[in-house]
Amino acid sequence: MYRLILARLLQTLPTLLGVVTLVFFLLHLVPGDPVDALLGETALAADREAMRQTLHLDQPLMVQYVHYIQGLLHGDWGKSIIDQHDVLARLTERAAATFRLAVVSLLLAVLMAVPLGYIAARRHGQTADTAAMVFSLLGVSIPNFWLGPMLIFLFSVTLGWLPVSGMEQPGAIILPAITLGTALAAILSRMARAAWLEAMTLDACRTARAYGISELRIWWRHAARLALLPVLTLFTLQLGAVLGGAVITETVFDWPGLGLLTIEAIQRRDYPMVQGCVLLIALCYVLANLLADVLALILDPRQRHVA
Amino acid sequence: MWRNPAVRLAAVCLSLPLLICLLAPLTGHNGHVVNLDSVLAAPSASHWLGCDALGRDVLDRLAEGVRLSLAISLSVVTLGAALGICTGMLAGWYGGWVDALLMRLTDIVLSFPGILLAIALAAMLGPGVENLLLALVAVGWTGFARLSRVQVMSLRHIAWIEALRAAGLGFPAIAIRHLLPNIAAPLLVEASFGVAAVMIGEAGLSFLGIGVQAPDASLGTMIREGTRLMLTNPLLVVWPGLLLFMLVMAINLLGDTLRDHLDVKR
């Protein structure tokens, strides 16, 4: 098992290099001369030259690339071209807010998804099952940039129960967490239902029944261990995906995290900051995927044979 | 087919956007025409769904948004599928370094949350529909590539495919005439869910201001403009979002039905 985990860890290295490479080339996707895009066409020649040098744009692409990677490894993720703020420092400042939002959304999603999946599987083919699956369909289909404003309109504007946006007031996290967590809850509850139904067809569960073990115990002790495994894997995979969704959700609610920072940087054409945001989120995503695979290897012995 | 409740629900969901598209031309308004006399006008006999902050007819703008959303998502999925299937089939057929190279490329794209990569690409390339398409295709092809690779790998050593090779048929002929029809089912399911995902992606980018640009109407830009006026005119947000929601739900339902029908495991 340890060899498999080690192999999986080593596999991550080329992926990380690929991510860094793509993020590096993002700056070169900007049409025309990046310096023009950054400073405007009316900038003084001296300023342009200075900018060209700080970004190493006067050197060959390979040299720029090596510079970029060296910088990343030394904790130098570049400087904002708007306020000269260190990119990495700004990212760590903002990461806490995103982390809080992500944790609450994920918790919310699991607390909704597991009972929903359980009820749907237990009442398979009955009204409760249909209701749970309709909820799941609604959840995956509703765009979060619409769900957010609708929740604000209902709970903040009409009822006045919760703050419209920002992070300071108490309860401010509730609406963004629901917005971000709904799609997740929908995906997870579908997975929980399917996995539970499959687990219940296993011989082990049939035998447990024959022994006269109570139905509740079979569902939650014997079947749940198997059923919740894919749910856990999917959940871990979503740890990273939720950061992608946070970009839009944070914009809707003015939640001062990484997602909002990304959009602010895009609007100000602060390209080094955009690169930093994208890189950090992608790194978290890669790590979450790694974690999902390693967890599956540890918790499910069957996976070791497949791999 | 109509016995299936999912198909019936999908038809209901599709009927509202369709109705909007059919009714819009009847009122004779152009959603691009700014009319300062009818700023934020309430629904009336002339403007059936009222007007937005620039006095433009909401009904016509919604119809344009639905058309654009469908056009963009269908083109992105078509292009993405073409690119992905070619990549995946080449990788699966030739194996070796071709496979390794193409799959590393796929892995790199897949190591970003899809929406984030699309946002980053669209932001760097600059506004405009072409760049929006490019960004969405760049993210959307990977699923097709992985699927067709796995399928081709399992078909490659089947006797009748080997017989075709022995008979001297080249890869393009085998791929188009013989492999593609045999791997079509899972790709079709992938494509149908892809349309729904691209629809949300396009509207999301437009909502963030890096997709479809004024004066064109996209459901995403309409939601963006509407949220600023939500306190006074909530309907400006409700309509475009509801239509997008219905479209996406209908396509997801059809995708589910297709998957069950074709017996594809996903």
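*Asks:* Any details on empty space enclosed by the protein? Residues and values, ideally.
*Replies:* Residue and element names in this part refer to chain A. All told, the structure shown has one cavity of 30 Å³ or more when counted by the stated rule. The volume enclosed by the largest cavity comes to roughly 40 Å³. What lines the largest cavity is simply Pro-163, Val-164, Ser-165, Gly-166, Ala-172, Leu-175, Pro-176 and Phe-253.

*Asks:* Would you mind going over the packing of aromatic side chains in detail, with residue names and values included?
*Replies:* A ring pair, where both rings are aromatic, is described by two values, the distance of the centres and the angle of the planes. According to the stated counting rule, one finds 13 aromatic pairs over all chains in the structure shown. Site record: aromatic cluster; members linked through ring pairs are Phe24(A), Phe25(A), Tyr65(A) and Tyr68(A).

*Asks:* Please provide a residue-by-residue account of the interface of chain B and chain A, values included.
*Replies:* Taken together, the 38 residues of chain B in the interface contact 41 residues of chain A. Summing both sides of the interface, chain B and chain A together bury roughly 3500 Å²; the carbon and sulfur share of this comes to 84%. There are one salt bridge connecting chain B and chain A. Among the ionic pairs, Arg190(A) bridges to Asp256(B), the shortest N-O distance being 3.1 Å. Counting every contact that joins chain B to chain A gives three residue pairs in polar contact (both at pLDDT 80 or more). No other element matches the 12 residues that helix H10 (residues 235–262) of chain B contributes to the side of chain B that touches chain A. Of the residues assigned to the side of chain B that touches chain A, the class counts are 31 nonpolar, five polar and two charged.

*Asks:* Residues and numbers for the packing of helix H5 (residues 87–122) of chain A against helix H8 (residues 174–200) of chain A, please.
*Replies:* Contact geometry for H5(A) and H8(A): axes closest at 6 Å, N-to-C directions at 35°. The way H5(A) lies across H8(A) gives a crossing that is right-handed.

*Asks:* Describe the pattern of salt bridges, with residues and values.
*Replies:* All names here are of chain B. Taken as a whole and judged by the stated rule, the model has 14 salt bridges over all chains. When the shortest N-O distance is used, the salt bridge between Asp-99 and Arg-149 registers 2.6 Å. Taken together, the positions of Asp-99 in helix H3 (residues 96–110) and Arg-149 in helix H6 (residues 142–156) put the pair 50 residues apart, joining distant regions of the chain. Salt-bridge contacts for Asp-107 lead to Arg-146; the nearest nitrogen and oxygen are separated by 2.7 Å. With Asp-107 in helix H3 and Arg-146 in helix H6, the pair connects residues that are 39 residues apart, well separated along the chain.

*Asks:* Tell me about the packing of helix H2 (residues 58–94) of chain B against helix H9 (residues 219–227) of chain B, residues and numbers included.
*Replies:* Residues and elements named next belong to chain B. At a minimum axis separation of 8 Å, H2 and H9 run at an interaxial angle of 135°. If you check the angle between H2 and H9, you find them oblique. On H9, the residues that touch Val-58, Arg-61, Leu-62, Gly-65, Val-66 and Ser-69 of H2 are Leu-219, Met-222 and Glu-225.

*Asks:* Would you mind going over the domain arrangement of chain A in detail, with residue names and values included?
*Replies:* For interface size, the figure often reported is the accessible area lost on association. Residues and elements named next belong to chain A. With domains assigned, chain A is organised as domain 1 (2–73) and domain 2 (90–306). Buried surface at the junction of domain 1 and domain 2, summed over both partners, amounts to about 1500 Å²; 82% is from carbon and sulfur atoms. In this structure, the connection of domain 1 to domain 2 is made through one salt bridge. When the shortest N-O distance is used, the salt bridge between Arg-8 and Asp-293 registers 2.6 Å. Linking domain 1 with domain 2 are three residue pairs in polar contact (both at pLDDT 80 or more). Those elements that provide at least two residues to the side of domain 1 that touches domain 2 are helix H1 (2–26), helix H2 (34–39) and helix H4 (61–73). Per-element tally for the side of domain 1 that touches domain 2: the top contributor is H1, with 12 residues. Of the residues that constitute the side of domain 1 that touches domain 2, the class distribution is 15 nonpolar, two polar and one charged.

*Asks:* Give a description of the layout of surface pockets that names residues and reports values.
*Replies:* All names here are of chain A. One number sums up the size of the second largest pocket: a volume of about 600 Å³. Around the second largest pocket, the lining comprises 26 residues; the ones closest to its centre are Thr-54, Leu-55, His-56, Gly-78 and Lys-79. Contributions of two or more residues to the lining of the second largest pocket are made by helix H3 (45–54), H4 and helix H12 (271–299). In terms of residue count, the dominant contributor to the lining of the second largest pocket is H4 (five residues). For the lining of the second largest pocket, the class distribution of residues is 12 nonpolar, 11 polar and three charged. Per-domain counts for the lining of the second largest pocket show at least three residues from each of domain 1 (2–73) and domain 2 (90–306).

*Asks:* Break down helix H8 (residues 171–208) of chain B for me, citing the residues and quoting the values.
*Replies:* Residue and element names in this part refer to chain B. Given a rise of 1.5 Å per residue, 38 residues ought to cover 56 Å, yet the end C-alpha atoms of H8 are separated by just 43 Å, more than 12% below that figure. Its axis deflected by about 55° at Ala-184, H8 carries its strongest bend there, up to four residues before the proline Pro-186. Just downstream of H8, Gly-209 is the residue with a positive phi angle, here 90°.

*Asks:* Give me the confidence of the model for chain B: which residues, what numbers.
*Replies:* Taken residue by residue, chain B gives an average pLDDT of 88. The fraction at 70 or more is 99%. Two numbers describe this predicted complex: its pTM, 0.88, and its ipTM, 0.86.

*Asks:* Give a description of a nonpolar patch on the surface that names residues and reports values.
*Replies:* A cluster of nonpolar residues, Met1(A), Tyr2(A), Leu232(A), Ile298(A) and Leu299(A), forms a patch on the protein surface that exposes about 480 Å² of accessible area. Note on placement: Met1(A) falls in the segment before H1.

*Asks:* Talk me through the side chain of Arg56(B); I want residue IDs and the actual numbers.
*Replies:* Residues and elements named next belong to chain B. Its place among the elements puts Arg-56 in the loop between helix H1 (5–27) and H2. Its relative accessible area of 7% is what places Arg-56 among the buried residues. The residues contacting Arg-56, other than those within four sequence positions of it, are Gly-31, His-32, Val-33, Val-34, Gly-50, Cys-51, Arg-61, Pro-215 and Glu-225.

Cut-off values and rules
- Counting starts from 1 at the beginning of each chain's written sequence and moves along it residue by residue.
- Whichever chain is written first becomes A and whichever ligand is written first becomes 1, with later ones labelled in order.
- It should be noted that, the model being predicted, local features are given only for residues of pLDDT at least 70 and side-chain atom pairs only at 80 or more, the latter also being counted only at that level, while totals for whole chains, interfaces and linings use all residues.
- As a convention, hydrogens and water are excluded, and side-chain values are obtained from all of the structure's heavy atoms.
- Computed over the protein atoms alone on a 1 Å grid, cavities are sets of points where a 1.4 Å probe fits but cannot get out and pockets are open sets with protein on both sides within 12 Å along at least five of seven lines; a residue lines them when it has an atom within 4 Å of a point.
- Grid points are joined across faces, edges and corners, and a volume is the space filled by probe spheres set on the points.
- The criterion for an aromatic pair is that two Phe, Tyr or Trp rings (for Trp, the six-membered ring) have centres within 6.5 Å, with stacked assigned to planes under 30 degrees apart, edge-to-face to planes over 60 apart and tilted to the rest.
- Should any heavy atoms of two residues lie within 4.5 Å, those residues are counted as being in contact.
- Here's the idea: put two parts together, see how much 1.4 Å probe accessible area each one loses, and the total over both is what we call buried area.
- Any Lys or Arg side-chain nitrogen found within 4 Å of a carboxyl oxygen on Asp or Glu counts as a salt bridge.
- Any N or O atom pair separated by 3.5 Å or less is treated as a polar contact, with the protein-specific requirement of one donor-capable and one acceptor-capable atom, and with residues adjacent in sequence counted only for side-chain atom pairs.
- Here a strand is any run of E in DSSP of at least two residues, a helix any run of H or I of at least four, and the numbering for each starts at the N terminus.
- Under the convention adopted here, Pro, Cys and the residues Ala, Val, Leu, Ile, Met, Phe, Trp and Tyr are nonpolar, Asp, Glu, Lys and Arg are charged, and Gly plus all remaining residues are polar.
- Between the N-to-C directions of two axes lies an angle of 0 to 180 degrees, each axis being a line fitted to C-alpha atoms and, for a helix, fitted only over the stretch in contact.
- Whether a crossing is left-handed or right-handed is set by the direction in which the near helix is turned from the far one by less than a right angle, anticlockwise for left-handed and clockwise for right-handed.
- Comment on the angle field: the value is read as roughly parallel under 35 degrees, roughly antiparallel over 145, roughly perpendicular from 65 to 115, and oblique elsewhere.
- Note: domain ranges come from an automatic or database domain assignment.
- Take the residue count of a helix, subtract one, and multiply by 1.5 Å to get its expected span.
- Bend at a residue means the angle formed by two fitted axes: the first through the 7 residues ending at that position, the second through the 7 residues beginning there.
- The predictor attaches a confidence to each residue, called pLDDT, with possible values from 0 through 100.
- Any residue with relative accessible area above 30% and no salt bridge may belong to a patch, with like charges joined within 9 Å and the nonpolar Val, Leu, Ile, Met, Phe, Trp and Tyr side chains within 5 Å.
- Each accessible area value is a Shrake-Rupley result obtained with a 1.4 Å probe; residue values ignore everything except the protein chains displayed when judging cover.
- Accessibility here uses a 1.4 Å probe with only protein chains present; expressed as a share of the type maximum, an area under 20% marks a residue as buried, one over 50% as exposed, and anything in between as partly exposed.

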